[in-house]
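Per-entry structural report
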Amino acid sequence: MHTTVGIIGGGPSGLLLARLLHNAGIDSVVLESRDRAYVEQRQRAGILEQATVDVLRDAGAGERLDREGMPHDGIELRYGRRAHRVDFPALTGGRRVWVYAQTEVVKDLVALQLADGGPLLFEAEVHGVEGADTDRPVIRYTHEGREQTLTCDYVVGCDGFHGVARNAVPEGVRTTYERTYPYSWLGILADAPPVYEELIYAHSERGFALASMRSESVSRLYLQVPNGTDPADWPDERIWDELDARFALDANPEWRLKRGTVTSKAVLPMRSHVTEPMRYGRVFLAGDAAHIVPPTGAKGLNLAAADVIVLARAFAHLKDTGSADLLDAYSDTCLRRVWRAEHFSYFMTTTLHADPEQSPFETKLQLSQLDRVATSEHAAAELAENYTGLPLGPANG
Ligand code: PHB
């Protein structure tokens, strides 16, 4: 089999890239190692930036998002047992975010791809990419028990942090920048109405907590927990009690979360990671295959989308003009945005979490920083701009 663009990974970045290429008249094949049910069910992020929503709509994947997604015009910060709202449109010239789960984006894109896109193969396990520095890279994979090869003009690795595409960039060419954090998140889904109409990010002496949602009747809640935590040590009542304690407000001491059945419970590690460059020869890396952010800034999915938007424009430019200039600029173009998001995610994470080794001095610095956001329009605008996402730039840039 031969294709113009071989895409490794059928998560949001691989599927969005396939859709954007299809709309630009460029053929592709998507190879996904898991089955469809798994891809459509894995619980991930829930926040889409304005620019991500705009691109999904333009790509024809915005119909259910517009019906079921929940636009949000701000977030609440809680610290020192007080609440402060950050108003996104007022601070960013009208930008907002949407609550619409990654699983839903994936379902929408899978349906579109199967309806009228190029091949999307599930349970196609990729073993490696050969010939990255030739003009005919080859993807080796197993599908339906048979070893197969896909020859491509270009290969894009959208296969996540544990994927194989990154190995196509030789060790001597690759630089990795990494940071791990001394805490994880315990995340739950619960059949309970959202705590509040917007997301709440809470700094407390007991550690960080986040209240998000999936619908009017389903909450997504997170608690900072020590690394290595076993979810079995957190029976439901303990989770609800701890959430109540971390979200507590002096102004409303009677306030409690509405409790409901916990339908999923998992511990998520926190990590920052960047691999440079994001391209070697005819192999490009996108999304988690190239970079990871801790989830506190809600950047991961949006950053992955931004990568493939840049890449799709570059392939369209090549097709229309014969110029590979934008493809050649891909890694530099993306890395500027990646490092901004890395910084913002690090900032949100380290400002809101309690490091077990933290001194009282450092806690005071965190509270001072949060107070600065609450009292300075400049500081609040900096947070709002980063949270709602930096503009993607002109279509040819
Ligand atoms: C989520 O809804 O899963 C979510 C929202 C905001 C974050 C992280 C996760 O910063």
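Residues numbered from 1 in each chain as written. Predicted model: local features only at pLDDT ≥ 70, side-chain atom pairs only at ≥ 80, totals over all residues. Heavy atoms only, no water.

**Remarks on the UniProt feature "domain: FAD-binding" (unreviewed entry) in the protein chain**
UniProt records the feature "domain: FAD-binding" (unreviewed entry) for residues 3-345 in the present numbering. Here residues 3-345 is 31% helix and 32% strand, with 36 Å between the C-alpha atoms at its ends. (UniProt positions renumbered as here; feature names shortened; annotations may be inferred. Helix = DSSP H or I, 4+ residues; strand = E, 2+ residues; numbered from the N terminus.)

**Quick notes on the domain arrangement of the protein chain**
A common measure of how large an interface is: the accessible area buried when the components associate. Here the protein chain is described as being made up of domain 1 (2-178 + 270-388) and domain 2 (182-269). Each of domain 1 and domain 2 was reduced to a C-alpha centroid, and the two centroids are 25 Å apart. Counting residues at the interface gives 40 residues for domain 1, matched by 29 residues for domain 2. Both sides of the domain 1 and domain 2 interface together cover about 2,900 Å² of buried area, and 57% of this is carbon and sulfur. When the area that domain 1 buries against domain 2 is broken down by residue, the three leading residues are Arg-78, Arg-81 and Met-270, summing to 28%. Notably, a salt bridge pairs Arg-85 with Glu-198, separated by 2.8 Å at the nearest N-O pair. Linking domain 1 with domain 2 are 14 residue pairs in polar contact (both at pLDDT 80 or more), by the criterion used here. (Domains from an automatic or database assignment. Contact = heavy atoms within 4.5 Å. Buried area = accessible area lost by both parts, 1.4 Å probe. Salt bridge = Lys/Arg side-chain N within 4 Å of Asp/Glu carboxyl O. Polar contact = N/O pair within 3.5 Å; in protein donor to acceptor, adjacent residues only side chain to side chain.)

**Describing the site of the ligand**
Around the ligand, the surrounding shell holds 14 residues, and the nearest of these are Tyr-201, Ser-212, Arg-214, Tyr-222 and Pro-295. At 2.8 Å from an oxygen atom of the ligand is found a side-chain nitrogen or oxygen belonging to Arg-214. For the ligand, whose unbound accessible area comes to 280 Å², protein coverage reaches 98%. Going through the elements one at a time, β14 (199-202), β15 (209-213) and β16 (219-225) are the ones with two or more residues in the shell around the ligand. Its residues placed into classes, the shell around the ligand shows eight nonpolar, three polar and three charged. (Near = heavy atom within 4 Å. Areas by Shrake-Rupley, 256 points an atom, 1.4 Å probe, with all protein chains shown as cover. Nonpolar A, V, L, I, M, F, W, Y, C, P; charged D, E, K, R; others polar.)

**Structural notes on the side chain of Thr-351**
Within the secondary structure, Thr-351 sits in helix α9 (residues 325-352). Apart from residues lying up to four places away in sequence, Thr-351 is in contact with His-203, Gln-366, Gln-369 and Leu-370.

**Quick notes on the sheet that holds strand β3 (residues 47-49)**
Strand pairing in a sheet takes place through backbone hydrogen bonds and is either antiparallel or parallel in direction. Pairing in this open sheet of three strands is antiparallel, and the strands run β3-β7-β4 from one edge to the other. Either end of the sheet is taken by a strand with one partner, and the two such strands are β3 and β4 (70-72). Within the sheet, the average angular offset between the axes of one strand and its neighbour, ignoring direction, is 30°. Relative to the sheet, helix α3 (residues 50-58) contacts β3 and β7 (97-99), its axis offset from that of β3 by approximately 80°. (Pairing = 2+ DSSP bridges. Axes fitted to C-alpha atoms, helices over the stretch in contact; angles between N-to-C directions.)

**A look at the sheet that holds strand β21 (residues 291-292)**
Strand order across the open sheet formed by three strands is β12-β18-β21, with antiparallel pairing between neighbours. Two strands close off the open sheet at either side, each with one partner strand: β12 (175-180) and β21. As judged from the six bridges shared by β12 and strand β18 (residues 271-276), these two strands associate in the antiparallel manner. Considered in β18, the bridge of Thr-175 is made with Glu-276. Relative to the sheet, α9 contacts β12, β18 and β21, its axis offset from that of β18 by approximately 165°.

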